[in-house]
Amino acid sequence: MTLLAEGLTKSFPGVRALSGATLSVRPGSVHALLGENGAGKSTLVKILTGVYRPDAGRVLLDGVPVRFGSPLEALRAGIGVVHQERNLVPEFSVAENIALQHLPRRLGMVDRGRMRAEARRCLDLLDLDLDPDTRVGDLSVAQAQLVEIAKALSVDNRVLLLDEPTASLTGDEADRLYRIVARLTATGHAVVLVSHKLEEVFAVADTVTVLRDGHSVAEGQPLADYTRDQIVDLMVGRAHAAVELGGRSVDRDAVPALALTGVSTGHGHRDLDLTVAKGEIVGLYGLVGAGRTELARALLGLDTITSGEVAVHGVPARITNVGQALREHRIGYVPEDRKGEGLFLEQPITRNVGVTVWRRLSRAGLLADRAERDLVARYTDLLGIRLASPRQLAGQLSGGNQQKVSLAKWLAADCDILIVDEPTVGIDVRTKAAFHELLAGLAAEGKAILLISSDLPEIVTLADRIAVMADRRIRGTLPNTRAYDEMSQRIIRLVHAPLPQEVR
């Protein structure tokens, strides 16, 4: 099936998301759709799948114009999608979510046996050991992302659109997905890949379209004709230099800013020891289900610590909620799930950025709009947030710009300790580099940073030490030489090393 989008235009209040964008995808190919945050990629994907209708332009399948009124109509026409933001029903099971749009029936009733079997088949494609009867609301963000992918694989789509499909996945999990993509294209399927991970794009894609400010600046070109720097130049309008982060000195003999001693949690962590010094970035790496996010939540009082001690600057701390962590211990938390936990989607950007510092901004108990606007202006410039106005609702921003706002509110809080979970998911290459420089700069100023990331190059670029987690235990902590080939091999060996008999 050949997919062609011609001259697509789409506007929202105060923003023109697309302006004459064009996309052409052939059967048997992986087509990369690239651009900065706010360039119009997700809007284009949503037009192709019936979420939005274009203001102008047209979409053709095998030369026949089509106009979808809903995602279900697009699905029936053979276009499937894995959205950047997961579209799962939290109260339904994994199997129910996977089969939701094509429920198997027997004698007029849902055939739950066939539904579970189909879910198991799709989960096995991803090597995901997950009970099909598990409630989706109980899954981690990364597990939910894999279920979203399994849901798309359950239908024989002739065109599959993948919008940041590996944003929450580690390298091993991404490799599994791309092996499936290779099998799909070998049988004539077409795949459109939206990703900010250029190393993945160059590894799997055949052709490329680049959007900048809603315009197509490269249309259906062979990716082999471009270097990475040339693609970045097309995306941002100028070549982007590689990030060079200066070294930092960390006093490991001083009292740690954050120390875990023998910590166990209600989520199954056992006897965890971990320290983060003042001015240090400690990376926490592991595969889906390793327990990294659950540990972060326990440290912030969002999950239960059942034994052991958490100390902040040498003083034992019993933290019960995020507000207490900020007020009493100056700990900030950038969560992985920006929509569910990181933002107030129905509130303006000013409220989202200012929420952590309202007390500081208020005068005589009143919050001045000007103070919030000035705060937003500072972080809009720092992080490159694209917005129509400071009063724009956070839910109206692109996914990448929402992530930047989620980051901005904790940077505004000026915390001593920052726990950052998957900070650059959905962030474009220029802003990702700027954020890496920002984190390194915060550490140089003396901030203690616990960085959770599935992006192994990011961990090796930023961390001073790397703690490797698997099965809710820390398998080892490595000093980071920043030699990527060496560190990646050592980290992966630890991830897959068997647990010692005494801790099983």
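Residues numbered from 1 in each chain as written. Predicted model: local features only at pLDDT ≥ 70, side-chain atom pairs only at ≥ 80, totals over all residues. Heavy atoms only, no water.

Our next topic: the overall build of the chain. Along its length, the chain carries 18 helices and 24 strands. Rg of the C-alpha trace for the chain: 23 Å, near the compact-globule value of 23 Å for 504 residues, within the 12% margin. Taken across its 504 residues, the chain has 55% of its residues classed as buried. Counted over contacts in the chain with a minimum sequence separation of 6, partners at least 24 positions apart contribute 67%. (Helix = DSSP H or I, 4+ residues; strand = E, 2+ residues; numbered from the N terminus. Rg over C-alpha atoms; globule rule 2.2 N^0.38 Å. Buried < 20%, exposed > 50% of the residue type's maximum accessible area, 1.4 Å probe, protein only. Contact = heavy atoms within 4.5 Å.)

This part covers the side chain of T356. For T356, the location among the structural elements is in the loop between α12 (349-354) and α13 (358-361). T356 sits in the buried class, given a relative accessible area of 17%. There is a polar contact of 2.6 Å between the side chain of T356 and the backbone oxygen of K409. The residues touching T356, leaving out its near neighbours within four places in the chain, are L326, K409, W410 and A413. (Polar contact = N/O pair within 3.5 Å; in protein donor to acceptor, adjacent residues only side chain to side chain.)

Right, let's get into the sheet that holds strand β16 (residues 305-312). Strand order in the open sheet made by the four strands is β14-β13-β16-β17, with antiparallel pairing throughout. Whereas interior strands pair on both sides, the edge strands pair on one side only; in this sheet they are β14 (272-276) and β17 (315-316). Two strands pair when backbone bridges link them, and strand β13 (residues 258-265) and β14 are joined in this way by four bridges, in the antiparallel orientation. When the sheet's bridge partners are listed, V263 is paired in β14 with L272. Lying over the sheet, helix α9 (residues 292-299) contacts β13, β14 and β16, oriented at roughly 110° with respect to β13. (Pairing = 2+ DSSP bridges. Axes fitted to C-alpha atoms, helices over the stretch in contact; angles between N-to-C directions.)

Before going further, it helps to examine the sheet that holds strand β1 (residues 3-12). To summarise the sheet geometry, strands pair through backbone hydrogen bonds and adopt either a parallel or an antiparallel arrangement. The antiparallel open sheet is built from four strands, whose spatial order is β2-β1-β4-β5. Of all strands in the sheet, those with a lone pairing partner are β2 (15-25) and β5 (64-66), marking the two edges. Each neighbouring strand pair of the sheet contributes to a mean axis angle of 30°, computed without reference to strand direction. Sheet strands touched by helix α1 (residues 41-48): β1, β2 and β4 (56-61). Its angle to β1, the strand with the most contacts, is close to 115°.

In this section: the environment of T22. The residue T22 is located in strand β2 in this model. Through-space distance from the C-alpha of T22 to that of G291 is 42 Å; in sequence the pair is 269 residues apart. Here T22 is in contact with A5, E6, G7, T209, S216 and E219, once residues within four sequence places are set aside.

Along the chain, T43 falls in helix α1. The exposure class of T43 is buried, given its relative accessible area of 12%. Excluding residues within four positions of it along the chain, T43 makes contact with K10, F12, A17, L18 and Y52.

On to the nonpolar core, then. Membership of the largest hydrophobic core comes to 49 residues, with the highest contact counts inside it found for L34, V94, I98, L126, I149, V210 and I231. Examining the composition of this core, we find that seven residues originate from one element, helix α5 (residues 141-153), more than from any other. Residues within four places of I98 in sequence aside, it is in contact with A119, C122, L123, V147, A150, K151 and S154. Counting 45 residues, the second-largest nonpolar core is a separate cluster that includes V376, A413, V420 and L456. (Core = buried A, V, L, I, M, F, W, Y, C linked by side-chain atoms within 4.5 Å.)

Here α5 contains 13 residues, and its C-alpha end-to-end distance of 19 Å stays within 8% of the 18 Å for a straight helix at 1.5 Å per residue. For α5, a buried count of 13 out of 13 residues is recorded, marking the element as mostly surrounded by other parts of the structure. (Expected span 1.5 Å × (residues − 1).)

So, about the environment of L383. You can see L383 is positioned in helix α14 (residues 369-383). Take L383: its relative accessible area is 4%, and that puts it in the buried class. The spatial distance from the C-alpha of L383 to the C-alpha of Q101 is 39 Å, given a sequence separation of 282 residues. If sequence neighbours within four positions are ignored, L383 has contacts with K404, L407, A408, L411, T431, F435 and L438.

On to α1. In terms of burial, α1 is a largely internal element, six of the eight residues being buried. Residues K41, T43, L44, V45, I47 and L48 constitute the buried set of α1. G50 sits one or two residues past α1 and shows a positive phi near 80°.

Scanning all chains against the criterion turns up 18 salt bridges. A salt bridge links E96 to R112; its shortest N-O distance comes to 3.0 Å. Note that E96 is positioned in helix α3 (residues 94-98) and R112 in helix α4 (residues 112-125), a separation of 16 residues in sequence. Salt bridges sharing common partners tie together R330, D414, D416 and K447. (Salt bridge = Lys/Arg side-chain N within 4 Å of Asp/Glu carboxyl O.)

With five of its five residues buried, strand β10 (residues 190-194) lies for the most part within the structure. Burial of the side chains of β10 extends over both faces: A190, V192 and V194 are buried on one face and V191 and L193 on the other. By the bridge criterion, four bridges tie strand β3 (residues 30-34) to β10 in an arrangement that is parallel. When the bridges of β10 are listed, H31 appears paired with V192. Sheet analysis places strand β9 (residues 159-163) next to β10, joined by five bridges and oriented parallel. Within β10, the residue paired with L160 across the bridge is V191.

On to the packing of α14 against helix α15 (residues 399-413), then. Look at α14 against α15: their axes get within 10 Å of each other, and the N-to-C directions meet at 120°. Judged by the inter-axis angle, α14 sits oblique to α15. Remark: the crossing between α14 and α15 carries right-handed chirality. In this structure, α14 contributes L375, Y379 and L383 to the contact, and α15 contributes K404, L407, A408, L411 and A412. In terms of residue class, the contact of α14 with α15 is made up of seven nonpolar, no polar and one charged. (Parallel < 35°, antiparallel > 145°, perpendicular 65-115°, else oblique. Left-handed = near helix turned anticlockwise from the far one by under 90°. Nonpolar A, V, L, I, M, F, W, Y, C, P; charged D, E, K, R; others polar.)

Geometric descriptors of this kind do not, in isolation, establish any biological role.
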